[in-house]
Amino acid sequence: MSKYLDERYSSLAAYVPGEQPQDKKYIKLNTNESPYSPSKATLDAVNVGETELLRLYPDPDGKILTKKLADYYGVESKNVFLANGSDDILNFAFMAYCANGRKSYFADITYGFYSVFANLHNSDYTVIPLEEDFSIDAEKFCGVDGCVFIANPNAPTGLALSLSDVEKIVKSNPHNVVVIDEAYVDFGAESAVKLVDKYENLLVVQTFSKSRSMAGARLGFAIGNEEIIGDLHKLRYSTNPYNINRLTLAAGAATIDSQDYYDSNCKIIMETRAFVKEELEKLGFFVLPSKANFIFASSEDIDGGELYLKIKDKGVLIRHFTTERIKNFNRITIGTPEEMQIFIDKVKEILEEN
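Think of each chain on its own: its residues are numbered from 1, step by step along the sequence as written. The predicted nature of this model means local features are confined to residues of pLDDT at least 70 and side-chain atom pairs, given and counted, to a pLDDT of 80 or more, with totals for whole chains, interfaces and linings taken over all residues. Side-chain numbers here rest on the full set of heavy atoms in the structure, without hydrogens or water.

Visitor: Outline helix α4 (residues 86–97), listing residues and values.
Guide: Every helix listed is a DSSP run of H or I at least four residues long, and every strand listed is a run of E at least two residues long, numbered separately from the N terminus. To estimate how far a helix should reach, multiply one less than its number of residues by 1.5 Å. With 12 residues, α4 extends 16 Å from end C-alpha to end C-alpha; this agrees with the ideal 16 Å at 1.5 Å per step. Partly exposed residues are those whose accessible area sits between 20% and 50% of the maximum for their type, while under 20% is buried and over 50% is exposed, using a 1.4 Å probe and protein chains only. Summarising burial for α4: 10 of the 12 residues are buried, a large majority.

In structure tokens form, the structure reads like this:
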């Protein structure tokens, strides 16, 4: 870092994205992307006519996409906020409700960006440990004195809280915003969007990156009370009102119009997830019951870091974490059935070699 960097950021530990090596072709099961292409309607929306309009600024309010999302989720347009990926929204939420010594709460094993944003905005944050079985105890997030962030389903565990537990947390914190990060909700969990009309302190965050095959487009959205959505708009207009490009807005709108296609893909991914869990368990692995498009697994027969390195050598990327409590686990994105069969075959090879 340079000598010019503000000292507030000199000790900041930045978020580390999943690796994207270019040395050879890999089966990528490390970044929770969809293995399936966007729908034909989504691809067709990014057409020559739309591309020619790149000379013009996009609609800063994304009115067409906002209305489609509002209709799909049964809310009003005033309850929807668009952003450049869900990380953008999480950043705004920390900025709005946790900055300059204000408190925030999140789990010890969860999405790694929470602690990064907390440090970036100088939040006085508290980390609440997961239970022995890696579940979140809802009671520990009730009646706290700061903003709550919960990934549901959680990452990297894939475990999900019930809607009743989410409601318990939201209801017990009426003076603080509760952010439910639902990046993986479409793979078997229950969304908290239906609680938005009931609780003014709830902000539900979702993304087009996972279930809607648009990780490269960078599109996220939030649903919440009109005043909270207004807070986010104020920050967006104070930083970058044109934060979503024209092609992404067009692709996003077409994606909602072809939702049946994406729902079908989610079903296939969930079926494939069940197959992979069963196959790994046959090999002696411990696999958490995931509600996400990935699984979290460990084995007593091979160290997590060793499996990560050996299967990478065989052309398959998975995600390994070095945190003490989960260092024997790997997070494995669910790819196509064909990709996952190759993954299972490579795991068998490694175990036999050992």
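On we go from here.
Visitor: Before we move on, could you go through the packing of aromatic side chains and cite the residues and values that matter?
Guide: Aromatic pairing here means that ring centres of Phe, Tyr or Trp (its six-membered ring) are within 6.5 Å. Orientation follows from the plane angle: under 30 degrees is stacked, over 60 is edge-to-face, and everything else is tilted. Evaluation of the coordinates by the stated rule reveals 19 aromatic pairs. Plain terms: the ring middles of Y57 and Y242 are 4.4 Å apart, the flat faces sit at 20° to each other, and that makes the pair stacked. Of this pair, Y57 sits in the loop between α2 (48–52) and α3 (63–73) while Y242 sits in the loop between α7 (226–237) and α8 (246–257), placing them 185 residues apart in sequence. Overall, Y57 belongs to the exposed group, its relative accessible area being 62%. Among the residues examined, Y242 registers a relative accessible area of 37% and is labelled partly exposed. Between F81 and F92, the ring centres sit 6.2 Å apart and the planes meet at 80°, which makes this aromatic pair edge-to-face. A residue pair is termed long-range when its members are at least 10 positions apart, and F81 in strand β2 (residues 80–83) and F92 in helix α4 qualify at 11 residues. With relative accessibility at 0%, the residue F81 sits in the buried group. Each member of the aromatic cluster is reached from another via a ring pair, and the members are F94, F106, Y111, F113, Y114, F117, Y125 and F149. Working rule: Lys NZ or Arg CZ, within 6 Å of ring centre, within 35 degrees of ring normal, means a charge sits over the ring. Of note, R212 hangs over the ring of F208, and the distance from its end group to the ring centre comes to 5.0 Å.

Visitor: Summarise empty space enclosed by the protein; cite the residues concerned and give the values.
Guide: Think of a 1 Å grid over just the protein atoms. A cavity is a set of points where a 1.4 Å probe fits yet cannot get out, a pocket is an open set with protein on both sides within 12 Å along at least five of seven lines, and lining residues have an atom within 4 Å of a point. Grid points are joined across faces, edges and corners, and a volume is the space filled by probe spheres set on the points. This structure, assessed with the given rule, holds one cavity of 30 Å³ or more. For the largest cavity, the calculated volume is near 50 Å³. What lines the largest cavity is simply P58, D59, P60, D61, G62, L82, R236, P241, Y242, N243, I244 and L249. When grouped by side-chain class, the residues that make up the lining of the largest cavity number seven nonpolar, two polar and three charged. In the scheme used here, Gly and all other residues not listed as nonpolar or charged are polar, with Ala, Val, Leu, Ile, Met, Phe, Trp, Tyr, Cys and Pro taken as nonpolar and Asp, Glu, Lys and Arg as charged.

Visitor: Give me the lowdown on the sheet that holds strand β13 (residues 329–333), citing residues and values where you can.
Guide: With antiparallel pairing, the four strands of this open sheet are ordered in space as β9-β10-β13-β12. Edge strands, defined here as strands with exactly one partner in the open sheet, are β9 (285–287) and β12 (319–320). Both β9 and strand β10 (residues 294–299) contribute to a ladder of three bridges, which runs antiparallel. By the bridge assignment, V287 is partnered in β10 with A297. When DSSP locates at least two bridges between a pair of strands, those strands are taken to pair.

Visitor: Tell me about a nonpolar patch on the surface, residues and numbers included.
Guide: A surface patch of nonpolar side chains, amounting to about 450 Å² of accessible area, comprises M1, L5, Y9, L12 and L120. Tracing the sequence through the fold places L120 in helix α5 (residues 113–120). Without a salt bridge and with relative accessible area above 30%, a residue can belong to a patch; like charges are then joined within 9 Å and nonpolar side chains (Val, Leu, Ile, Met, Phe, Trp, Tyr) within 5 Å. The Shrake-Rupley method, run with a 1.4 Å probe sphere, supplies the accessible areas, and residue values consider only the shown protein chains as cover. Whenever a carboxyl oxygen of Asp or Glu lies within 4 Å of a side-chain nitrogen of Lys or Arg, that contact is scored as a salt bridge.

Visitor: Let's hear about the sheet that holds strand β3 (residues 103–107): which residues, and what values?
Guide: Within the open sheet, the seven strands sit side by side as β2-β8-β7-β6-β5-β3-β4. Their pairing is mixed. The sheet terminates laterally at β2 and β4 (124–128), the two strands that pair on one side only. Each strand of the sheet is rotated relative to its neighbour by a mean of 20°, with strand direction disregarded. Where strand β6 (residues 178–181) meets strand β7 (residues 202–207), four bridges bridge the pair, whose relative direction is parallel. Among the inter-strand pairings, V178 is bridged to a residue of β7, identified as L202. Throughout, a residue-residue contact means that at least one pair of heavy atoms, one from each residue, lies within 4.5 Å. Each axis is a line fitted through C-alpha atoms, taken for helices only over the stretch in contact, and angles between the N-to-C directions span 0 to 180 degrees. Each of β2, β3, β5 (147–151), β6, β7 and β8 (220–224) is contacted by α4, which is oriented at about 155° to β7, the strand it contacts most. Across the face of the sheet, α5 comes into contact with β3, β4, β5 and β6 while running at roughly 165° to β3.

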